[in-house]
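Each chain, written out:
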Amino acid sequence: MKRKANQQKSQHKWRRKLFAAVLLGFGFASLMLMQTQYSRVVKLASLHYRSAPKPKIAFLFIARNRLPLDIVWHAFLQGEEDRFSIFVHSRPGFVLNKATTRSVYFLNRQVNDSVQVDWGEATMIEAERILLKHALEEPFNERFVFLSDSCLPLYNFSYTYDYIMSTATSFVDSFADTKQGRYNPKMGPIIPVHNWRKGSQWVVLSRKHAEVVVKDNTVFPIFQLHCKRRSLPEFWRDHPLPVDASKEHNCIPDEHYVQTLLAQEGLEEEITRRSLTHSSWDLSSSKDRQRRGWHPVTYKFSDATPMLIKSIKDIDNIHYETENRREWCSSKGKPSRCFLFARKFTRPAALRLLNDVIWKSEARAQESLLATRSHPS
């Protein structure tokens, strides 16, 4: 009996050991499986992160025909293909092909529903709306930068991208227009005078504000009817002679539309009220006093010097006389240069600058600016 009891006890111990071993093995196998699954999930997440599309900047060019500075922009964009898209508004029927552009980034990037644009007419803002409509069709376009065919970038792509993407606001040069008498009282029922704004057409819009512009069916029709350039003598042969040209409202739609629309929609708290594109306005070249300041200076080959670019890059504040407001420029909460782009440059001028002074490292210039702001003379 005693021997039988010992045998049973031994069998029970053996079974417990076997059960423990099986349980331990099962736990180890489960742990290995979980680790394998975890590694797989981490790997898949890593692959997804790497392949996830990055937010893009849509560069929207308004051009007469071809883009004379396409080679400059090609050098600026090269290697950054996953962070930008391009749309070009040229005259109807114009095609960007191998005969009209030397950059692959501009091939067939013209919109197919362009309109004939005349300076000082509502067709200019119609072209802007067309460009935005096409750019919004690409879901990863997050910022929308308007550029002319004479604009060039002042810094490299990475610095430009980080500057624009570092804030959720749009960059819109916008100020109260109280002196020039461009507001037409006929706009009053829809656009009150307190919402009337002026500024540069070269804006940078967030996706939200780009959608506001495209969906607008209130302010745009009013601009088509009541915001028109003053009649010029050279066009009087083709249009009815004004009774008194001096009493005409000289309204330039592209200098008022986006600014006034955002004010009308109550969105001014969502914008940085300055442009990122520098223009130097010609206040003396015209013999006609009324026309002085209508067009910016055009920089030619002889003007394109390192000193010129440095003088533009060194600007760190903008004064708005009509509002007695000084806008100190900043990026990521720190003092910064004001402008990322500049115009108007001829092709020879831009090519001269291409290998000399554009897109050099920003670090040294930024350190210099911080030192200047911290220790003013």
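Keep in mind that what you see is a predicted model, and the values were worked out from it rather than measured.

Novice: Break down the environment of L131 for me, citing the residues and quoting the values.
Specialist: Assignment of secondary structure puts L131 in helix α3 (residues 123-136). Along the backbone, L131 and F61 are 70 residues apart, and their C-alpha atoms lie at a distance of 8.3 Å. Once you skip the residues sitting within four places of it in the chain, L131 turns out to touch L60, F61, I62, F87, V88, H89, V111 and F146.

Novice: Can you lay out the packing of α3 against helix α5 (residues 207-215) for me, pointing to particular residues and giving the numbers?
Specialist: Two elements in contact, α3 and α5, have axes whose closest approach is 9 Å; the angle formed by their N-to-C orientations is 125°. Regarding the angle of α3 to α5, the classification is oblique. In this structure, α3 crosses over α5, and the sense of that crossing is left-handed. Where α3 approaches α5, its residues R129, L132, K133 and L136 are matched on the opposing element by R207, A210, E211, V213 and V214.

Novice: Could you give me a rundown of the environment of Y105, with the residues and numbers involved?
Specialist: Position of Y105 relative to the elements: it lies in the loop between β2 (84-89) and α3. Linking Y105 and E81, residues 24 residues apart in sequence, is a C-alpha distance of 8.8 Å. A polar contact is formed between the side chain of Y105 and the side chain of E81, at a distance of 2.5 Å.

Novice: Describe the sheet that holds strand β15 (residues 341-342), with residues and values.
Specialist: Spatially, β4-β15-β10 is the arrangement adopted by the three strands of the open sheet, whose pairing is mixed. In the strand order of this sheet, the two ends are held by β4 (152-153) and β10 (277-278), each with one partner. Judged from the two bridges that link them, β10 and β15 form a sheet pairing that is parallel. Note that in β15 the partner of T277 across the bridge is F341.

Novice: Give me helix α8 (residues 306-313): which residues, what numbers.
Specialist: Turning to α8, its buried residues number three or more, namely L308, I309, I312 and K313. Down the axis of α8, the buried side of the element spans an arc of 130°, and every buried residue falls inside it. Projecting away from the buried face of α8 at angles above 90 degrees are the exposed residues M307 and K310. Buried positions along α8 lie against β10, β15 and α9 (347-354).

Novice: Before we move on, could you go through the pattern of salt bridges and cite the residues and values that matter?
Specialist: Considering all chains together, one arrives at 14 salt bridges under this definition. Ionic pairing is found between E211 and R207, a salt bridge with its closest N-O pair at 3.7 Å. One end of the pair, E211, and the other, R207, are both in helix α5, four residues apart, so they sit about a helical turn from each other. Taking relative accessible area as the criterion, E211 reaches 29% and is therefore assigned partly exposed. Of the charged contacts, one joins R337 and D314 as a salt bridge, the two residues approaching to 3.8 Å between their closest N and O atoms. Taken as a pair, R337 in the loop between β14 (334-335) and β15 and D314 in the loop between α8 and β11 (317-320) lie far apart in primary sequence, 23 residues in all. You can call R337 buried: its relative accessible area is 6%. Under the relative-accessibility criterion, D314 is labelled partly exposed at 32%. Here the salt bridges share partners, and the residues they tie into one network are K310, D314 and R337.

Novice: Provide a residue-level description of the confidence of the model for the protein, including the pertinent values.
Specialist: Do not read the fine detail of predicted coordinates wherever pLDDT is low. Across the protein, the average pLDDT comes to 82, with 71% of residues at or above 70. Of the regions scoring below 50 in pLDDT, residues 233-237 engages in seven contacts with residues more than four places distant in sequence or in other chains. Contacts of residues 373-377 to residues separated by more than four positions or lying in other chains number five contacts, the stretch itself having pLDDT below 50.

Definitions and cut-offs
Residues numbered from 1 in each chain as written. Predicted model: local features only at pLDDT ≥ 70, side-chain atom pairs only at ≥ 80, totals over all residues. Heavy atoms only, no water. Helix = DSSP H or I, 4+ residues; strand = E, 2+ residues; numbered from the N terminus. Contact = heavy atoms within 4.5 Å. Axes fitted to C-alpha atoms, helices over the stretch in contact; angles between N-to-C directions. Parallel < 35°, antiparallel > 145°, perpendicular 65-115°, else oblique. Left-handed = near helix turned anticlockwise from the far one by under 90°. Polar contact = N/O pair within 3.5 Å; in protein donor to acceptor, adjacent residues only side chain to side chain. Pairing = 2+ DSSP bridges. Buried < 20%, exposed > 50% of the residue type's maximum accessible area, 1.4 Å probe, protein only. Arc of directions from axis to C-beta. Salt bridge = Lys/Arg side-chain N within 4 Å of Asp/Glu carboxyl O. pLDDT = per-residue confidence, 0-100.

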